[in-house]
Amino acid sequence: MSSKSAPPPLPEPLGVPVADSHTHLDMQEGTVEEALARAAAVGVTTVVQVGCDIKGSSWAAETAAAHDSVHAAVALHPNEAPRIVLGDPDGWSRQGAREGGGDSALDDALAEIDKLAALGQVKAVGETGLDYFRTGPDGAAAQERSFRAHIEIAKRHGKALVIHDRDAHADVLRILAEEGAPERTVFHCYSGDADMAEVCASAGYFMSFAGNVTFKNAQPLRDALAVAPRELVLVETDAPFLTPVPYRGRPNAPYLVPVTLRAMAAVKGLDEDTLAAAISDNTARAFDY
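Reading the values: rules and limits
Residues numbered from 1 in each chain as written. Predicted model: local features only at pLDDT ≥ 70, side-chain atom pairs only at ≥ 80, totals over all residues. Heavy atoms only, no water. Helix = DSSP H or I, 4+ residues; strand = E, 2+ residues; numbered from the N terminus. Rg over C-alpha atoms; globule rule 2.2 N^0.38 Å. Contact = heavy atoms within 4.5 Å. Areas by Shrake-Rupley, 256 points an atom, 1.4 Å probe, with all protein chains shown as cover. Lys, Arg positive; Asp, Glu negative; His and termini not counted. Charge placed at Lys NZ, Arg CZ, Asp CG, Glu CD. Buried < 20%, exposed > 50% of the residue type's maximum accessible area, 1.4 Å probe, protein only. Pairing = 2+ DSSP bridges. Right-handed = clockwise from strand over helix to strand, strands pointing away. Axes fitted to C-alpha atoms, helices over the stretch in contact; angles between N-to-C directions. Core = buried A, V, L, I, M, F, W, Y, C linked by side-chain atoms within 4.5 Å. Phe/Tyr/Trp six-rings, centres within 6.5 Å; stacked < 30°, edge-to-face > 60°.

1. Some words on the overall build of the protein
- From N to C terminus, the protein includes 10 helices and 10 strands.
- In terms of overall dimensions, the protein is globule-like: its C-alpha atoms have a radius of gyration of 18 Å, near the 19 Å expected for 289 residues.
- A principal-axis box enclosing the C-alpha atoms of the protein has dimensions of 50 × 45 × 35 Å.
- Nonlocal contacts in the protein, meaning residues at least 24 apart in sequence, comprise 71% of its contacts between residues at least 6 apart.
- A total accessible area of about 11,700 Å² is found for the protein, and carbon and sulfur atoms account for 53% of it.
- Distance from the positive charge centre (25 side chains) to the negative charge centre (41 side chains) of the protein: 3 Å.

2. So, the pairing of strand 7 (residues 160-166)
- For strand 7, a buried count of six out of seven residues is recorded, marking the element as mostly surrounded by other parts of the structure.
- Bridge count for strand 6 (residues 122-131) against strand 7 is six bridges, and the pairing is parallel. The residue bridging L130 from the neighbouring strand is D165, located in strand 7.
- The parallel pair strand 6 and strand 7, bridged by helix 5 (residues 140-157), forms a crossover whose chirality is right-handed.
- Bridge count between strand 7 and strand 8 (residues 185-187): three bridges; the pairing is parallel. Its bridge partner being in strand 8, L161 is matched across the sheet by T185.

3. Things to note about unusual backbone geometry
- Cis peptide bonds are those with omega within 30 degrees of zero, and the linkage from A239 to P240 qualifies with 15°.
- With respect to the helices, strands and loops of the structure, P240 is situated in the loop between strand 10 (233-235) and helix 9 (257-268).
- The omega torsion across V245 and P246 is 10°, close enough to zero to call that bond cis.
- Locating P246 in the fold gives a position in the loop between strand 10 and helix 9.
- Phi is positive for C189, which is not a glycine, with a value near 45°.
- Mapped onto the elements of the fold, C189 is located in the loop between strand 8 and helix 7 (194-203).
- Residue classification places C189 among the buried positions, given a relative accessible area of 13%.
- Of note, L242 is a non-glycine position whose phi angle comes to about 55°, a positive value.
- One can find L242 in the loop between strand 10 and helix 9.

4. Quick word on the sheet that holds strand 10
- Judged by pairing direction, the sheet is parallel, and its eight strands sit side by side in the order 1-2-3-6-7-8-9-10 without closing on themselves. Since the sheet does not close on itself, it has two edges, and those belong to strand 1 (18-23) and strand 10, each with one partner. Strand-to-strand twist of the sheet, defined as the mean angle between neighbouring strand axes without regard to direction, takes the value 30°.
- Across two bridges, strand 8 lies against strand 9 (residues 206-209) in parallel orientation. Each bridged residue has a counterpart across the sheet, and for F187 the counterpart in strand 9 is M207.
- The strands touched by helix 10 (residues 272-287) are strand 1, strand 2 (44-50), strand 6, strand 7, strand 8, strand 9 and strand 10; relative to strand 10, the strand with the most contacts, the crossing angle is about 95°.

5. Focus: the nonpolar core
- By size, the foremost hydrophobic cluster in this structure holds 71 residues, and its most contacted members are F147, L176, F187, Y190 and M264.
- For this core, the element with the highest residue contribution is helix 4 (residues 102-117), accounting for six residues.
- When neighbours within four sequence positions are excluded, Y190 is seen to be in contact with M196, A197, C200, M207, S208, F209, L221 and A224.
- In this structure, A160, F206, L234 and A286 belong to the second largest nonpolar core, which totals 12 residues.

6. Focus on the packing of aromatic side chains
- Evaluation of the coordinates by the stated rule reveals two aromatic pairs.
- Ring centres of F187 and Y205 lie 5.7 Å apart, and the angle between their planes is 35°; on these two criteria the pair is classed as tilted. Of this pair, F187 sits in strand 8 while Y205 sits in the loop between helix 7 and strand 9; the two residues are 18 residues apart in sequence, bridging distant segments of the chain.
- Between Y190 and F209 the ring centres are 5.5 Å apart and the planes differ by 50°, which places this aromatic pair in the tilted class. Taken together, the positions of Y190 in the loop between strand 8 and helix 7 and F209 in strand 9 put the pair 19 residues apart, joining distant regions of the chain.

Right, dumping it as structure tokens:
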């Protein structure tokens, strides 16, 4: 295996255990048990497994039921909604090409998410939101309808809402305000600037930072982290994506949380145990476990 594709080494363990607030174990190499054992060995003792479609959300719920250290989030990803409604002739997603099913197909899919959201091991509805990077204007209506429905599902079941916001900050914030955000709302892989962090903080939204906070060109993210209140900050991998520096480009996994957390502590001028203790408490509050 070339060093480029090899998994990074285990970092120094954290002194205070934390949770990976957003991971995709179903897209990572190896077994769930191996991933959880490696994570626990460095002080990452809890993970939130996030679904992006019906199949992935069902798998998240099953995996959380089988492992005490795993909690599930269930949803149709913002890019999934237009694929359901309009179809996906190119099949760029991992589900392959498919026909569009119109609004009724989206309603059916949302009903499945609603059923999963009622389960005890499912702590959140997400990742949902808007993604203007991958979906063009033709898919915006399906995304928005799906997002509003997920907000309603989260509130009805008393679950956290996990937001995916890519190139869509203003519309995401507007829709949350229009619908009334759930009591606990998490901006996963926070991607806004410091001004938006102040807006999120005043609304009480949690901001979860991923490995991209370590990237050289990510100064606006570090500025946002610097102003984000300590009691609203979470850490995540979004693994297998967004591997932190110095391992960028190699496969990410929950055991790499300490690398990102240490970079975050430096930005906030806190020692790592202080930040880890805050993040541990925040994640438990955000996801109500």
